[in-house]
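Inside the fold
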Amino acid sequence: KNQVEQSPQSLIILEGKNCTLQCNYTVSPFSNLRWYKQDTGRGPVSLTIMTFSENTKSNGRYTATLDADTKQSSLHITASQLSDSASYICVVSMNTGFQKLVFGTGTRLLVSP
Amino acid sequence: EAQVTQNPRYLITVTGKKLTVTCSQNMNHEYMSWYRQDPGLGLRQIYYSMNVEVTDKGDVPEGYKVSRKEKRNFPLILESPSPNQTSLYFCASSAAFNSYNEQFFGPGTRLTVL
């Protein structure tokens, strides 16, 4: 069964601290993996996309990693800010020739002052 | 500004009263899709459209209808809403339907069916 599991479900960190969110998937055939940020009351916005051959990709203070062998990805947030408070969703795209996405349930991050 | 818009943003209705949620994009995207988001579940696809007059079922299409008469619009129709359709709905679009194209999401419509 094609699934995306994320951990932890929720996380509270102090402003300025780093954190790492995890994503494990059992999606096949794999095309790419995206991390989305979803602010409360808003639609998800893409942070990074990673294909099979990419190990690491950064977008400002966000760094995503991908281990295609173990089917794991992580999103590392450096020097967190209050505006990082959001849900982070891991989304795996299947290589079916058209858009077929499998969504994780997200990690809800709260950055506390 | 490039965006996906949805209306209404919030809606409370009663069982059986037909409703339409509109979705419009100004990016000339070919691919559009509707999702619902429920607590503890990931986004689930309801319907999608690869182009004008081409629509197909997603993972949870029961109780919903869509149409794609124009490229920019993709309305979601609930002919006879039921309480189990209470959810947060998102419309999304992308330039093409291949798996590498980023989907851009609208702001969401929170629907409550009493």
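In the block above lies the structure referred to throughout.
Residues numbered from 1 in each chain as written. Chains lettered and ligands numbered in written order. Predicted model: local features only at pLDDT ≥ 70, side-chain atom pairs only at ≥ 80, totals over all residues. Heavy atoms only, no water.

Concerning the overall build of chain A
Assigned secondary structure in chain A consists of zero helices and 11 strands. The secondary structure elements of chain A, listed N-terminal to C-terminal, are β-β-β-β-β-β-β-β-β-β-β. Relative to the globule expectation of 13 Å for 113 residues, the C-alpha radius of gyration of chain A, 14 Å, shows essentially globular dimensions. If you line up chain A on its principal axes, its C-alpha atoms span 45 × 30 × 20 Å. Relative to all contacts within chain A whose residues are 6 or more apart in sequence, the contacts with residues 24 or more apart total 55%. With an accessible surface of roughly 5400 Å², chain A has 49% of that area assigned to carbon and sulfur atoms. If the 10 positive side-chain charges of chain A are averaged to one point and the 7 negative ones to another, these points end up 7 Å apart. (Helix = DSSP H or I, 4+ residues; strand = E, 2+ residues; numbered from the N terminus. Rg over C-alpha atoms; globule rule 2.2 N^0.38 Å. Contact = heavy atoms within 4.5 Å. Areas by Shrake-Rupley, 256 points an atom, 1.4 Å probe, with all protein chains shown as cover. Lys, Arg positive; Asp, Glu negative; His and termini not counted. Charge placed at Lys NZ, Arg CZ, Asp CG, Glu CD.)

Points about the sheet that holds strand E7 (residues 65-66) of chain B
Residues and elements named next belong to chain B. Here we have four strands laid out as an open sheet, ordered E1-E3-E8-E7, and antiparallel in their pairing. Among the strands making up the open sheet, the edge pair consists of strand E1 (4-7) and E7. Inspection of the sheet shows E1 paired to strand E3 (residues 19-25) by four bridges, in the antiparallel sense. Residue pairing for E3: Gln6 is matched across the bridge by Cys23. (Pairing = 2+ DSSP bridges.)

Structural notes on the pattern of salt bridges
Counted under the stated rule, the structure contains seven salt bridges over all chains. The partner of Asp39 of chain A in a salt bridge is Lys37 of chain A, with the nearest N and O atoms 3.8 Å apart. On the basis of relative accessible area, Lys37 of chain A is assigned to the buried category, the value being 15%. A network of salt bridges, in which partner residues are shared, links Arg36, Asp38 and Arg44 of chain B. (Salt bridge = Lys/Arg side-chain N within 4 Å of Asp/Glu carboxyl O. Buried < 20%, exposed > 50% of the residue type's maximum accessible area, 1.4 Å probe, protein only.)

Description of the interface of chain A and chain B
Where the parts come together, the accessible area they lose is often given as the size of the interface. At the interface, 23 residues of chain A touch 24 residues of chain B. Counting the surface lost from both chain A and chain B, the interface buries some 1800 Å², and carbon and sulfur atoms represent 50% of this. Its largest share of buried area at the contact with chain B, chain A owes to Phe98, Gln99 and Phe103 of chain A, together 33% of the area lost on that side. Applying the counting rule to chain A against chain B returns one salt bridge. In this structure, Lys100 of chain A and Asp59 of chain B form a salt bridge, with 2.7 Å as the shortest nitrogen-oxygen distance. At the boundary of chain A with chain B, the tally comes to five residue pairs in polar contact (both at pLDDT 80 or more). Elements with a contribution of two residues or more to the side of chain A that touches chain B: strand E4 (30-38), strand E5 (45-51), strand E9 (86-94) and strand E10 (101-103) of chain A. Top contributing element to the side of chain A that touches chain B by residue count: E4 of chain A, with five residues. In the side of chain A that touches chain B, the residues fall into eight nonpolar, 12 polar and three charged. (Buried area = accessible area lost by both parts, 1.4 Å probe. Polar contact = N/O pair within 3.5 Å; in protein donor to acceptor, adjacent residues only side chain to side chain. Nonpolar A, V, L, I, M, F, W, Y, C, P; charged D, E, K, R; others polar.)

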